[in-house]
Structures are given as structure tokens and as C-alpha cells.
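Observations on the model geometry
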Amino acid sequence: MSDQTVTPPNPEGALTVAAPVRSKPTATAAFAVLVMAAALVLPFVHDKPEDLRLLSLGFIMGIGAMGLNVLTGYTGQISIGHAAFYGIGAYITANLIIEQNLTVLATLPIAIAVTAAFGALVGLPALRVKGPALALVTLGLAILVPTLLLKYGSNKGVALWKPKRRHLASPVDSLTDGQWKYLVPLVALIVVYVLTKSLVNSRAGRSLIAVRDQEVAAATAGVNVTGAKIASFAISAAYCGLAGSLSVLVRGQADASSALSYFQLSIYFLVAVVVGGAATVAGPILGGMLVQYLDDKAPEWSGNKVGMAPFILGAVLVAIVYLLPGGLLGGLRQLVARLRRPPSAPDPSPNHTPATSEVQP
Amino acid sequence: MQLFLNQLFNGIEMGAVYAAVALALVLVFRTTGLFNFAQGEMAMLSTFVTWQIAQAAPILVAIIAGMALSFVGGALVERTLIRPMEQKGNPLGTVIITIGLFIALNALCQLIWPPSRAQSEPFSMPRPWPTRGTIEIAGAQLKWFTVWLVAILLLECLALYVLLQRTKLGLSLRALSSNQESSRLVGINVGTMLMVGWGLAAAVGSLAGALLASRSNQFDVSLMQFILAYAFAAAALGGMDSPLGAVIAGFIVGIAEAMAVTYVDAVEGIPIVVPLLLIFFVLLLRPEGMFGRKVVQRV
Amino acid sequence: MSLLSLRGVTGGYGAGQVLHGIDIDVDEGEVAVILGANGAGKTTTLRAISGSLKQVDGEISFDGRNLRRVAPHQVARLGISHVPQGRGTFTDLTVDENLRLGAVTRSDPGVAGDLARFYEMFPRLAERRDQAAGSMSGGEQQMLAIARALMARPRLLLLDEPSLGLAPLITRDVFERLGELNRSEGLTMLIVEQNATLALGIAHRGYLLETGSIVAGGPASELAADEGVRKAYLGF
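Residues numbered from 1 in each chain as written. Chains lettered and ligands numbered in written order. Predicted model: local features only at pLDDT ≥ 70, side-chain atom pairs only at ≥ 80, totals over all residues.

What follows concerns the overall build of chain B. Looking only at helices and strands, chain B has twelve helices and two strands in total. On C-alpha atoms alone, chain B measures out to a radius of gyration of 19 Å, which is about the 19 Å that the 2.2 N^0.38 rule sets for 299 residues. Overall size of chain B, expressed as C-alpha extent along the three principal axes, is 60 × 45 × 35 Å. Split into buried and exposed, the 299 residues of chain B put 55% on the buried side. (Helix = DSSP H or I, 4+ residues; strand = E, 2+ residues; numbered from the N terminus. Rg over C-alpha atoms; globule rule 2.2 N^0.38 Å. Buried ≥ 20, exposed ≤ 12 C-beta atoms within 10 Å, placed from the backbone.)

Structure below.
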């Protein structure tokens, strides 16, 4: 397969995405299949509930982070409110199970559709504001949603909805509850990963990248910028909604009691994207799992100190933006490329465009 | 009438705090062109530091020391965390850094001053001046505390105004936000000015935080949590590069919130809706706010 | 010894080199002019001198001092005032504030006196002293930029295409003033320009810059009389 080496003229460091480079497809694809197979087999050889649970939550973070990546890494729109969609997804699933006796799987399409619609709605103001102002609007979202859920949807005055355990149990006889709660998010993750990969490599995907890098140029080239922005908001929202729904299965509840936790989760998604690497589809998955792991283990390491996990994650975010703007996977890629290149070849450093407004004679 | 006035006084009291934090945001925006998402949490850290000093010194000394330390802290943050990213020309990266700071500083406060401590011995900020009692106006009660709070913060705003408009330092700061390149050419050390801008903002936030904390019997890490939304609403409404606008808008936001909570049923229990709606409408309908000159557009 | 001298100066932006070895001398009290078309490297040369060019190599000495690693704000404090292309006005500050900024590094008591002097010299600026500088016309802003640069009492004035965007009559006025300033105050100037006629008219020495290299240099009168220069730059 031919290499696509169209690199957008973007001097930015963090959150840049080169156009999909289809180099060595067989090696990476084989690796991916191997990992997926191992993951699918795991619950049958290592049936420890706590480990499986941690991994499930990691998969869920991965789905959410992939969603945010579609928006931030590929379309260049920043959001720190995506936990709102996660929350909506969780709320819908929990309530449909409680009120309508649906199975978890049956609630998924509904949650996805509703959050996608919300996402598109949020995408509308995104048309008018950019950068930090947009982040501000999405911050508002992260605060608004749990507040409204508490006020208008609360369960006897508390923003906590817990479906009965039997609704969340495994419907398949040969799978234990723990295995079921592990496999459902994993399969969802795999499906979403494959879908995202094909989106990124499609013409639609390249439109998104064009919007991110050179919006005006993209518009003149016939890209429907409005459509692209709204679509990417909708898609990323749907991913987070799915993640939220799945979280009900694993955690056993939907919780909207703290706006700060919503904001924190939104930032965790962002950390996952940046740490894992916005330059890839798989990066956010890695980032998501890392974030989940840190969130879980940090209290243990620090003697149960409240705040250790967010402190580490906040510090990691700052450090990664500086030291490894391409995230872990981005850094890995650079390393591999450097090892592969013969030592005599010059290192193609990115073009430095000076930030001056002066006309150069 | 009594209810209206009481609520008005409440609104003015909170409005003064919103105005101060909004002023800090605008200072940073004017000099460096950045939204500092961590402004509230920086103020919160300053508040805790002030409290800590107050455990061993009179409160007035603590507040002043807190402001001085915050000035240094703000300048350092600009120099070490913000400037290198700015020099790389990566605005998205800088936004992310302030977001990371937001979370990290909040968590840092929880680590150094654990909430569990508060259960046996709550964090309580003494008031810098004795204020008990109220003045009666048309049947409503105006707390002395409100009068002092507003007076102090207005004084602070006035001091900043004088600094910005009547001193060479202020002129240099304003030059920086007007044209950075030309500032260099007339001999202004842009790097130093950037640090001063952030330092001033941090000091302003510190005072606001200390006063806000002294409003109730105790405070905790959630002190500034929502203030950010209110401060941003005020800054956006006033115009992100207008200090005067930030102050006026701060009071407007405070009063609007108090009125909405009292008279609009739908808002009950969720006052945060007020600033959020304000932000939403300002950004969509009039991004430059009331007095702003530039349109908020950095990416 | 020249007040300003450049030897073998190279520099550019990123992968693109703009200057390929510039040699220039400017003596104290003289007006030197660098003529060049668009893209020749005029602005880059001035930026190299005032310290705004990051990627630069070669020897730049001002009054015996090496300027190469000196930061722009320090170059300004050494006595070099650079009026950039497009004038670099502080558009949202008032005329008065713009002028005061010119003297922002000065702490001597002469500032108020200088301010009054410039208001007398440029009455139009005095008329508009409390107006936003950005509301003035191009010609007025050019006067403001020059006055602002002079407020620093510089030893060397760098001007980047003062004629840019100005009507011919205004441009002539600007150059007349510049010539006068040189004659009455002995102010040393280095002007880069496309408009050769006016520039050579007030200059003592001239250089031709083509794609980053000096291709000719000498007394201004000689340059003006040169056949090649006349065809290429003076249009006849």
C-alpha cells in the first residue's frame, strides 16, 4: 500500500495529527489483532473480579477518550465538558433499566442516539466560538448537566440511580457476571476502534483534519466545515454516551451528584487523549487505561490521601504537553522512526514558522 | 421591598468577589492574551497559604504576605509553565496547561490541607477587621461586612486603575497588550512585563480569596470551584480586555444571580445557571462584551 | 570607525535563509539607504540589527559593541530606535501614550520638554494627542512613529519602508522632515526603501540589496547617477 505523506502545515506540538500514514499495515494490524485476541481470552484464564473490573473501567475510559480525540485531536475543537455526555448516557441507561426493564444492551442504541443529538446541539455554538472560548462553553456544559439532572431527574432527591443487580447480571449461562461485565465493554471498545480507524482513513476523516488545520482553506476546497464540526461533536458525544452507559453495567449505578467530578472526568478524558497521543486512534485507549489505573492505584500508593490521583494526573498532563507533545504513542512512533532511519539521513525537523505579523521582504 | 434590598445587598457582596476574580482574569488576558483556567484555583491556593500564615501572625499581615507570595508565584508560573509553551507557538497547548494546573492545584491543596483535618478543626479564616452587626436601610439589613468587603475590593480596583493608567509600569503593561513587537522595540522587557501581569493577577486573586473565605465560618477546597464560572461570565460580559468592564460586570453578575435566585423559580437551587447562560449569550451575540475592543479569538 | 557596521551577516527564518552575507557601514551623522525590491531582505536586515531576528550569524557592531546576542529591548536601550514596517503603532493607545512609550526607558527630566518639542514640530499630533493612535491616517501615524522613535533620543534611527502605503505627497513630506532632522540634529539614519528617488535624495550613502546580498554600494550621488540603478529603481 502506498504511503500517504500529506502533512498538514501545522507547527503546533500537542494535539497534532499527521494525515493517516499507512506504512507497514500488516505489522501494526497483526499486533492489534494479537492484543484484541489476548484481551478476549483473558477473563477465561485469569478470573479475578477486581482485575477484570479495573480493566473494564479502563476500556470504558478508552472509549470516551477516543471520542474526545475525534473532536480534539482530529477536528481541533477543544472540549472540557464531555463528561456531560457520559453522564447523560449513564442516566439514560440506568433509568431505562429501572423504569422500563430493558437490558443493558437494549439501552445502548437509545443512549447513543440521544447523546449524539445533544452533541450536535452543542456543536452549534461551536460554530461561532474558537479555542479557549469554546472550552469555556463546554466547561459550562460539564457544570450544567449534573445540576439539571439533579434538579429535574433526581431519584428521591439524590442524583443516584441504581438498577437492581439482576438487571446487570450475565444473561449467558457460561459467563460469570464478572466475565460478562468485562467482555461487553471490551467488545464495544473493539467495535468502536475499528469504526474509528475507518473513519479516520476515510474522506470524511480527512475533512475533519482539514478543518482542524486550515479551516478557511478547507472551506474554499469545498469541505462542509459546519457539517464537519457538528458531526464531530455528535460523534464524540455518542462515544462518551456509550461509555457512560457501559459504566452503569460495571459500576452498578449512575451518579450525577458532584459537578466537580464531572469536570474532573472531562479533564481525565483530555489527559487520556494527550498522554496516549492524539496522533493515533489507539493512543487514547492506552491513555484511558493509564488514567483509570492511576486513578485506582494512586490512593493506595499515597496512603489513601484524597487528591493524589488528580494531582498526579494534572501534573502528568502538564509534563506530557511539554516533554512528549505527541503523547506516549506519538513518542513511540518517533522513536521507531528514528531507529529505522539510517544514521546518515538528515532529521526532518518541523518547519518553524515565526509568529510575527511582519511582511518578510 | 425588604426582600429585594436584602437580596440586592447579597448580590453586591458576591458581585465584589466576582469583580475581583474577573479583574485577575482580565489582567492575564490583556497582557498575555490567555484565558487562565487555573485563576480560581491559584486564588484558592493563595487563600490556604494566607490561612496558614494567619495561624502564626495577625490576619492583616497574613493577607499582605499572602498577596506578596502570590505575586511571586504567579510570576513564576508564567515564566516556567506558560512562556515556554507560548514560545513554541502552541495556543492549544497553553490552554491545556492551565487546565492541568486547575486540577493539580486543587488536588495539591487537598493533599497539603486534607479535608479530614477539617472535621476536627475546620479551616476558618479570620476577618481582617471587626465586623459584626448590620445597618438598617428601609427595613433591610446591610451587613457591615458587606460594606467593608466592597470597599476593600473597590479600593483594590482603584489602585490597579491608577497603576495601569498613571504609571510607567502600567503604560508598559498596556503597551504589551496592544503591540508586543513594538513594545520590545521601545525598550520594554516583555518577559518581565508578562511576569508582572501574572503576578498582579495572582495577588488580586489572593485578596479576593481571603475575603471570600472570611465570609463564612469555614472554607474548603471547593471555595473557588464555581467562582471561575462567575468570574468568566463577568469578564466576558465586561469585555475580556477591559478592567473597568470586568468590575462593572462583576457586580451585574452578582446582582443578577441574587435576583434570579429569588424571583425566578426555575433557577432555584441551581444559581450556577445564571453565569453559564450569560457566558453562552455573550459569546454568541457579542463576543467583545460591553467595553472590550478585541474580539476574543486566539486560536 | 563607523557607528554601525555589518560584516558577513547571514540569517533567515526556519529553513529559508534570507540574508547571504551583508556588509554595511553607517557613519555617525550620515543618512544611509538600502534600496531593494520586495523579497530582497530589507526588513530582515533591520531586524537583524535591532535584535528581532532569532536566526542570525555574522558580525554586527554598534559603536564598537557586538549586537549579535543582544535582546531587542536591550538594543533599544543602547540607542537604536527601530521604526518597523507598517509603523508598529500602539493602535489602541492615545497619541500621547504612544509618544511617552518612546521615552519609557528614559528616567531623565528632559522627557516633558521633548514631548512639547515634538508637539510643536508636528502640530497634527498635538491636535490629536488624546485620540486613539489607530484612528489617524497613514501619514500621521508615520509622523507619530518617527516622533516616538525620536523620543528615546536615539543615536541611530532605523526606518523600514517609511513610504509604504502613503500617498506621494505625504511621502515627500516625510522624507523632507527626515532630511531636516539629519541636518539640524545630526541624527544618524539607516533607511530601507523601495522608493529610490526620495531615499537617495536625502542620503549620503546608498546600498543595493538583491536577494539577500549587497550588489552595489557607494555615495548616494554616484548610485543615483548609475545607469543600472536608474533603470531598475528609478524608472528611467
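What follows continues from the structure just given.
This next bit is on the nonpolar core. Within the largest apolar cluster, 294 residues are counted, with the highest numbers of intra-cluster contacts made by Ala19, Ala20, Val21, Ala22, Leu23, Ala231 and Ala234 of chain B. With 16 residues, the top contributor of residues to this core is helix α9 (residues 190-213) of chain B. Built from parts of two domains, this core gets at least three residues from each of domain 1 (4-79 + 155-234) and domain 2 (92-153) of chain C. For Ala234 of chain B, the residues in contact, after removing those within four places along its chain, are Tyr18, Ala19, Ala22, Ala246, Ala249, Gly250 and Val253 of chain B. (Core = buried A, V, L, I, M, F, W, Y, C linked by C-beta atoms within 7 Å. Domains from an automatic or database assignment. Contact = placed C-beta atoms within 7 Å.)

Time to look at the interface of chain A and chain B. Taken residue by residue, the interface counts 41 residues in chain A and 41 residues in chain B. Of all the elements in the fold, those that place two or more residues in the side of chain A that touches chain B are α5 (131-153), α10 (259-276) and α12 (308-323) of chain A. Per-element tally for the side of chain A that touches chain B: the top contributor is α5 of chain A, with eleven residues. Here the side of chain A that touches chain B is built from residues that sort into 28 nonpolar, eight polar and five charged. (Nonpolar A, V, L, I, M, F, W, Y, C, P; charged D, E, K, R; others polar.)

Residue and element names in this part refer to chain C. Strand order in the open sheet formed by six strands is β6-β7-β8-β3-β9-β10, with mixed pairing between adjacent strands. Both edges of this open sheet fall to β6 (80-83) and β10 (213-219), since each of them pairs with a single strand only. For this sheet the average axis-to-axis angle between neighbouring strands, irrespective of direction, equals 15°. Bridging between strand β3 (residues 31-36) and strand β8 (residues 188-193) involves five bridges; their strand directions are parallel. Bridge pairing in β8 links Val33 to Ile191. Against the sheet, helix α1 (residues 42-50) touches β3, β6, β7 (156-160), β8 and β9 (205-210), its axis set at about 150° to β7. (Pairing = 2+ DSSP bridges. Axes fitted to C-alpha atoms, helices over the stretch in contact; angles between N-to-C directions.)

Below, the discussion takes up the confidence of the model for chain C. Residue and element names in this part refer to chain C. A residue-level look at chain C finds 98% of positions with pLDDT of 70 or above and a mean pLDDT of 90. The least confident element of chain C, judged by mean pLDDT, is helix α10 (residues 227-234) at 72; the most confident is β7 at 95. Scored as a whole, the predicted complex attains pTM 0.84, and scored at its interfaces, ipTM 0.89. (pLDDT = per-residue confidence, 0-100.)

Residue and element names in this part refer to chain A. Axis separation between helix α6 (residues 177-201) and helix α9 (residues 225-251) bottoms out at 9 Å; the angle between their running directions is 170°. On the basis of their axis angle, the class for α6 and α9 is roughly antiparallel. When the axes of α6 and α9 are compared, the crossing they make is left-handed. Here α6 contributes Lys181, Val184, Pro185, Ala188 and Val192 to the contact with α9, which in turn contributes Tyr239, Leu242, Leu246, Leu249 and Val250. A class-by-class count of the residues in the contact of α6 with α9 yields nine nonpolar, no polar and one charged. (Parallel < 35°, antiparallel > 145°, perpendicular 65-115°, else oblique. Left-handed = near helix turned anticlockwise from the far one by under 90°.)

Another point: the environment of Phe44 of chain A. All names here are of chain A. With respect to the secondary-structure elements, Phe44 resides in helix α1 (residues 25-45). Judged by local crowding, Phe44 falls into the exposed class, with 11 C-beta atoms found within 10 Å. Taking the C-alpha atoms as reference points, Phe44 and Leu175, separated by 131 residues in sequence, lie 9.1 Å from one another.

What follows covers α10 of chain A. Note: α-helices contain 3.6 residues per turn, so residues at a spacing of three or four share the same orientation. Residues and elements named next belong to chain A. With 18 residues, α10 extends 26 Å from end C-alpha to end C-alpha; this agrees with the ideal 26 Å at 1.5 Å per step. Judged by how many residues are buried, α10 sits mostly within the fold: 16 of 18 residues are covered. Looking one or two residues beyond α10, the residue adopting positive phi is Gly277, at roughly 120°. (Expected span 1.5 Å × (residues − 1).)

Glancing now at helix α10 (residues 227-238) of chain B. Between its terminal C-alpha atoms α10 of chain B stretches 16 Å, which fits the 16 Å expected from twelve residues at 1.5 Å a residue. For α10 of chain B, the tally of buried residues reaches twelve of twelve residues, placing the bulk of the element in the interior. All buried positions along α10 of chain B are accounted for by Ile227, Leu228, Ala229, Tyr230, Ala231, Phe232, Ala233, Ala234, Ala235, Ala236, Leu237 and Gly238 of chain B. For α10 of chain B, the secondary structure elements touched by its buried residues are α5 of chain A together with α1 (2-32), α2 (39-54), α11 (243-263) and α12 (273-285) of chain B. At the C-terminal side of α10 of chain B, Gly239 of chain B shows a positive phi close to 105°.

With that settled, consider the sheet that holds strand β1 (residues 4-13) of chain C. All names here are of chain C. Taken in spatial order, the four strands make up an open sheet running β2-β1-β4-β5, and their pairing is antiparallel. Where the open sheet ends on each side, the last strands, each with one partner, are β2 (16-26) and β5 (65-66). Pairing analysis gives eight bridges linking β1 to β2, with the strands arranged antiparallel. Across the sheet, residue Thr10 finds its bridge partner in β2, namely His20. Packed onto the sheet, α1 meets β1, β2 and β4 (55-62) and runs at close to 70° relative to β2.

Now for the confidence of the model for chain B. Of all residues in chain B, 98% have pLDDT values of 70 or greater, and the mean over the chain is 86. Across residues 295-299 of chain B, confidence stays below pLDDT 50; counting only partners more than four residues off in sequence or on other chains, it has 14 contacts.

Moving on to the domain arrangement of chain C. All names here are of chain C. The assigned domain composition of chain C is domain 1 (4-79 + 155-234) and domain 2 (92-153). For domain 1 and domain 2, the distance between their C-alpha centroids amounts to 23 Å. The interface is formed by eight residues belonging to domain 1 together with six residues belonging to domain 2. Put simply, the parts of the chain that give the side of domain 1 that touches domain 2 at least two residues each are α2 (72-78) and α7 (168-185).

The subject of this paragraph is the interface of chain C and chain B. Contact residues are listed per partner, giving 20 residues for chain C and 17 residues for chain B. For the side of chain C that touches chain B, the secondary structure elements donating two or more residues are α2 and α3 (95-102) of chain C. Grouping the constituent residues of the side of chain C that touches chain B by class yields eight nonpolar, eight polar and four charged.

The next point concerns the pairing of β7 of chain C. Consecutive side chains along a regular strand alternate between the two faces of the sheet. Residues and elements named next belong to chain C. Where burial is concerned, most of β7 is hidden: five out of the five residues are buried. Of the two faces of β7, the one holding Leu156, Leu158 and Asp160 and the one holding Leu157 and Leu159 are both buried throughout. Judged from the five bridges that link them, β7 and β8 form a sheet pairing that is parallel. The residue of β8 that forms the bridge with Leu157 is Met189. Handedness of the β-α-β unit built from β7, α7 and β8 comes out right-handed. (Right-handed = clockwise from strand over helix to strand, strands pointing away.)

It is worth spelling out unusual backbone geometry at this point. Residue and element names in this part refer to chain C. For Arg87, which is not glycine, the phi dihedral falls at a positive 80°. Following the sequence through the fold, Arg87 ends up in the loop between β6 and α3. For Arg87, a count of 24 C-beta atoms within 10 Å corresponds to the buried category. A positive phi angle is found at Thr211, which is not glycine, with a value near 35°. In this structure, Thr211 sits in the loop between β9 and β10.

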